[in-house]
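A closer look at the structure
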Amino acid sequence: MTESNQEGLSNLLHEERRFPPPEALAAQANYTADAYAEADKDRLAFWEKQARRLDWDTEWSEVLDWTNAPFAKWFVGGRLNASVNCVDRHVSAGRGEKVAIHFEGEPGDTRTVTYADLAKLVAQAANALTDLGVGQGDRVAVYLPMSVEAVVSMLACARLGAIHSVIFGGFSAQAIYDRVLDADAKLIITADGGYRRGKVFPLKPIVDEALAKGSTNVARVIVVKRGENEVDWDASRDLWWDDIVGRQPDTHEAQAFDAENPLFILYTSGTTGKPKGILHTTGGYLTQVAYTHHAAFDLKADTDVFWCTADIGWVTGHSYIVYGPLANGATQVIYEGTPDTPHRGRFWEIAQKYGVTLLYTAPTTIRTFMKWGDDIPAQFDLSALRVLGSVGEPINPEAWMWYRRVIGGDRCPIVDTWWQTETGAMMISPLPGVTATKPGSAMKGLPGVSVDVVDDTGTPVPNGGGGLLVLTEPWPSMLRGIWGDDERFRETYWSRFADEGYYFAGDGAKKDADGDLWLLGRVDDVMNVSGHRISTTEVESALVSHPSVAEAAVVGATDPTTGQGIVAFVILRGDAADGGEAMVSELRNHVAKEIGAIAKPRQIMVVPELPKTRSGKIMRRLLRDVAENRSIGDVTTLADSTVMDLISSGLSTAPPED
Ligand code: WT7
């Protein structure tokens, strides 16, 4: 936890403002305060009730089998098809003409997809994948822009019991190669390109580059035409989506799969350089994403228009663009591009155009809009909005208040939802019809979720105390493991509080005087940049893979817009240039090439030494002091106490170019 977090803490624990739910919303809310009592009384019965919101082919015989902890089985023996639950059942229920997706492309093209349309598209894609030999348990990598095809690809995999591994479109060829190898994918679905900031960014060329890095088992690459950019073509491997999918029959008989059939792998950064393939399965995951979407947003499927601004490449997109909203039969907006293209009012223009009622976005986006000024959203009619969600990082009280006042017209409850790739679905959040919210607090565990804040020994801290966030009971959408690495799964999440059997989330948290929760950010070497998780080690490895770098240390420094910014300290090799601007920019580009543009350091400082303890551990705390322009803290454990003077005097920095 950084010192600036600590400082903010004393303020936030004195937060006096309370925002009770609007009466009209409370009067017709999907969940009332009784839900907490009901779940407390019998947690498993509560989850069973949530699971019944889905269509099952075979009912489970046991709600939870935790005998082989930490490997959970939920809804044991139950069978269902996730794709049927997200699509077909709404059509069968006579809601086929209801809009599932309002797609808005960045250049302004639009596409309306009803549930009946979606059923046909998914059936065609499932038939195409079957033709190409994809079946239950096979891994399919998806590297697509925000598009209808991304949703369809994921649902087509789910329909066949195949496992999708979506790779965010901003990741590099190297990152794709690593993920394709780790999951042993046999097929990749990509596009020629997508639109971002008025330009086409290439995707297929990056996939080509990834597959040229070494041998993989990828036999086929399906390519959606979107960017109309030039692409190279390998006729023995590449297929246009329209050719292979477009000609298929638009019906497909789906089969039910075991509740524990793997649904997807999604890679996320851990504290080592190697990303973890987080594994989610079908029944429990779908139960909890559908329930939380229904509860935290008070979704009224017949009238609401939901918009989650995340990318499908992250877990937020998986759970709250694809599986949660579609399982609930909601109507939603999907937008391809950035909020400032072609103008800074684009989001609000879209919200107005589709009459968005429920909005889910990230604090970094909210802070960006704050910076752009109140007058921009003021030009649009946002009166349809009724609930506003936040996710990805702690939301500071100023941003919370601004979101409430300027976007929510002082009438919409804000749900600050804490969860992780690993938890699969929201865990901590207010209920909009129940909770009197406090600006900056995620409040408490949702009904059915057991969470606590404990000290180093695993003892719960009293109200007013701070410590580590833990989940004390298993939950349906919990990760079932790390792909191919059971040991890392136990070690990362379950070893810290092994005696208590708690899941260690990696976040610091505080309980205020009422016992409400305030999230304080990561306690490990994971940075949170614009709501994206990036490990310091991953960026360090990328830097030292450059021939001119001898050593590197990376820290996340507080950033007013992105939450944290990546600051790197590098020692160059003797024969390398002496830290000129050209070298710094070469290194930034090198990181982008190794990982992706999201990991580009905000700042690189060329230094003669790094501060280390006598045992050789880099003291990141001191580097953070430098990066955040603070006076240097306690240096008594440094092996060489003159190092910090050397660093401070010899700094060579370059401002970010983008
Ligand atoms: C980490 C998980 C959850 C989907 C997006 C990120 C941080 C997430 C909040 C919140 C404070 C939050 C935590 C967590 N985080 N939501 N509402 N308040 N912190 O998923 O990439 O798996 O990252 O994001 O530090 O551990 P992720």
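Looking at the overall build of the protein chain
Helix and strand counts for the protein chain come out as 21 helices and 30 strands. Based on the C-alpha atoms only, the size of the protein chain along its principal axes is roughly 75 × 65 × 55 Å. When the 658 residues of the protein chain are sorted by exposure, 62% land in the buried category. For the protein chain, contacts bridging at least 24 residues in sequence account for 72% of all contacts bridging at least 6.

Structural notes on the site of the ligand
Around the ligand, a shell composed of 17 residues is seen, among which Asp-416, Thr-417, Thr-421, Asp-507 and Arg-533 lie nearest. Thr-421 places a side-chain nitrogen or oxygen 2.5 Å from an oxygen atom of the ligand. Within the side chain of Arg-533, one N or O atom sits 2.8 Å away from an oxygen atom of the ligand. Out of a free accessible area of 560 Å², the ligand has 96% covered by protein chains. Secondary-structure elements contributing two or more residues to the shell around the ligand are α12 (315–327) and β25 (517–522). Partitioned by chemical class, the residues of the shell around the ligand number six nonpolar, six polar and five charged.

Side note on the side chain of Asp-311
Locating Asp-311 in the fold gives a position in the loop between β16 (305–308) and α12. Buried charge without a partner: Asp-311 forms no salt bridge, and the closest opposite charge is Arg-196, 6.9 Å away. A polar contact is formed between the side chain of Asp-311 and the backbone nitrogen of Gly-313, at a distance of 2.7 Å. When residues no more than four places from it in sequence are discounted, the contact partners of Asp-311 are Met-146, Phe-168 and Gly-317.

Here's the deal with unusual backbone geometry
With an omega of 5°, the peptide bond between Ala-69 and Pro-70 qualifies as cis. Topologically, Pro-70 is positioned in the loop between β1 (62–65) and β2 (73–76). For the peptide bond that leads from Thr-341 to Pro-342, omega is 0°, which places it in the cis range. Locating Pro-342 in the fold gives a position in the loop between β17 (331–335) and α13 (346–354). Residue Asp-298 is not a glycine yet carries a positive backbone phi of 50°. Structurally, the position occupied by Asp-298 is in the loop between α11 (283–296) and β16. The residue Asp-410 is not glycine, and still its phi comes out positive at about 60°. Mapped onto the elements, Asp-410 comes out in the loop between α16 (397–407) and β20 (414–416). Given the relative accessible area of 46%, Asp-410 is considered partly exposed.

Let's talk about the sheet that holds strand β19 (residues 387–390)
Read from one edge to the other, the open sheet built from seven strands follows the order β5-β4-β17-β16-β18-β19-β20, with strand pairing classed as mixed. Edge positions in the open sheet fall to β5 (110–114) and β20, since each of these has one partner strand only. Geometrically, the sheet is characterised by an average inter-axis angle of 15° between neighbouring strands, direction not taken into account. Taken together, the four bridges between strand β18 (residues 358–361) and β19 define a ladder with parallel strand orientation. Its bridge partner lying in β19, Tyr-360 is registered against Gly-389.

Regarding the packing of aromatic side chains
What the rule picks out here adds up to 35 aromatic pairs. Pairing Trp-233 with Trp-240 gives two aromatic rings, centres 4.5 Å apart and planes at 15°, and the pair type is stacked. By relative accessible area, Trp-240 is classed as partly exposed at 21%. Geometrically, the ring pair formed by Phe-297 and Tyr-360 is edge-to-face, given 4.9 Å between the ring centres and 75° between the ring planes. Here Phe-297 is found in the loop between α11 and β16, whereas its partner Tyr-360 is found in strand β18, with 63 residues between them in sequence. Just as Phe-297 is buried, Tyr-360 falls in that class too. Its guanidinium or amino end placed over the ring of Tyr-36, Lys-444 lies 4.4 Å from that ring's centre, counting from NZ or CZ.

A word on the nonpolar core
Membership of the largest hydrophobic core comes to 163 residues, with the highest contact counts inside it found for Leu-118, Leu-155, Tyr-323, Val-539 and Leu-543. Among the elements that line this core, the one with the most residues is helix α7 (residues 148–160), at ten residues. What Leu-118 contacts, discounting residues up to four positions off in sequence, is Val-87, Ala-100, Ile-101, Val-113, Val-152, Leu-155 and Leu-326. If you look at the next biggest cluster of nonpolar residues, it comprises 29 residues, including Phe-19, Leu-359, Phe-369 and Tyr-403.

What to know about the pattern of salt bridges
For the structure shown, the criterion picks out 43 salt bridges. In this structure, Asp-208 and Lys-204 form a salt bridge, with 3.0 Å as the shortest nitrogen-oxygen distance. With Asp-208 and Lys-204 both in helix α9 (residues 204–211) and four residues apart, this pair spans about one turn of that helix. Of the two residues, Asp-208 and Lys-204, neither departs from the other in class, the shared state being buried. Where Arg-405 meets Asp-374, a salt bridge forms, and the shortest distance between an N and an O atom there is 3.4 Å. Of the two residues, Arg-405 sits in helix α16 while Asp-374 sits in the loop between α14 (363–372) and α15 (375–378), which places them 31 residues apart along the sequence. According to the relative accessible area criterion, Arg-405 is partly exposed, its value standing at 43%. Residue class for Asp-374 comes out partly exposed when judged on its relative accessible area of 33%.

Digging into the environment of Thr-303
On the secondary structure map, Thr-303 appears in the loop between α11 and β16. Note: C-alpha distance between Thr-303 and Arg-588 (285 residues apart in sequence) is 47 Å.

Concerning the confidence of the model for the protein chain
Residues shown with low pLDDT carry predicted positions that ought not to be read at fine detail. Taken residue by residue, the protein chain gives an average pLDDT of 94. The fraction at 70 or more is 96%. When mean pLDDT is taken per element in the protein chain, α7 scores highest with 99 and helix α1 (residues 3–12) scores lowest with 50. Note that residues 1–7 has pLDDT below 50 and, in this model, ten contacts with residues that lie over four places away or in other chains. Between residues 652–658, whose pLDDT stays under 50, and residues either more than four places distant or in other chains, the model counts 19 contacts.

Overview of the packing of helix α18 (residues 536–544) against helix α19 (residues 581–594)
Direction vectors running N to C along α18 and α19 enclose 115°, while the axes themselves pass 9 Å from each other. Judged by the sense of rotation from one axis to the other, the crossing of α18 with α19 is right-handed. For the pair α18 and α19, the contacting residues are Val-539, Ala-542 and Leu-543 in the first and Leu-587, His-590, Val-591 and Glu-594 in the second.

Here's the deal with helix α3 (residues 34–41)
Listing the buried residues of α3 in full gives Ala-35, Tyr-36 and Ala-39. Taken around the axis of α3, the buried residues stretch over an arc of 100°, which confines them to a single face. Seen from the open side of α3, the exposed residues pointing more than 90 degrees away from its buried face are Asp-34, Asp-40 and Lys-41. Residues of α3 that are buried make contact with α4 (43–51).

What about the sheet that holds strand β15 (residues 276–281)?
With respect to topology, eight strands assemble into an open sheet ordered β12-β11-β8-β6-β7-β14-β15-β23, the strand pairing being mixed. Among the strands making up the open sheet, the edge pair consists of β12 (238–240) and β23 (481–482). Of the strand pairs in this sheet, strand β6 (residues 139–143) and strand β8 (residues 187–191) are connected by four bridges, and their pairing is parallel. Bridging across to β8, Val-142 finds its partner in Ile-189.

What counts as what
Residues numbered from 1 in each chain as written. Predicted model: local features only at pLDDT ≥ 70, side-chain atom pairs only at ≥ 80, totals over all residues. Heavy atoms only, no water. Helix = DSSP H or I, 4+ residues; strand = E, 2+ residues; numbered from the N terminus. Buried < 20%, exposed > 50% of the residue type's maximum accessible area, 1.4 Å probe, protein only. Contact = heavy atoms within 4.5 Å. Near = heavy atom within 4 Å. Polar contact = N/O pair within 3.5 Å; in protein donor to acceptor, adjacent residues only side chain to side chain. Areas by Shrake-Rupley, 256 points an atom, 1.4 Å probe, with all protein chains shown as cover. Nonpolar A, V, L, I, M, F, W, Y, C, P; charged D, E, K, R; others polar. Lys, Arg positive; Asp, Glu negative; His and termini not counted. Salt bridge = Lys/Arg side-chain N within 4 Å of Asp/Glu carboxyl O. Pairing = 2+ DSSP bridges. Axes fitted to C-alpha atoms, helices over the stretch in contact; angles between N-to-C directions. Phe/Tyr/Trp six-rings, centres within 6.5 Å; stacked < 30°, edge-to-face > 60°. Lys NZ or Arg CZ within 6 Å of the ring centre and 35° of its normal. Core = buried A, V, L, I, M, F, W, Y, C linked by side-chain atoms within 4.5 Å. pLDDT = per-residue confidence, 0-100. Left-handed = near helix turned anticlockwise from the far one by under 90°. Arc of directions from axis to C-beta.

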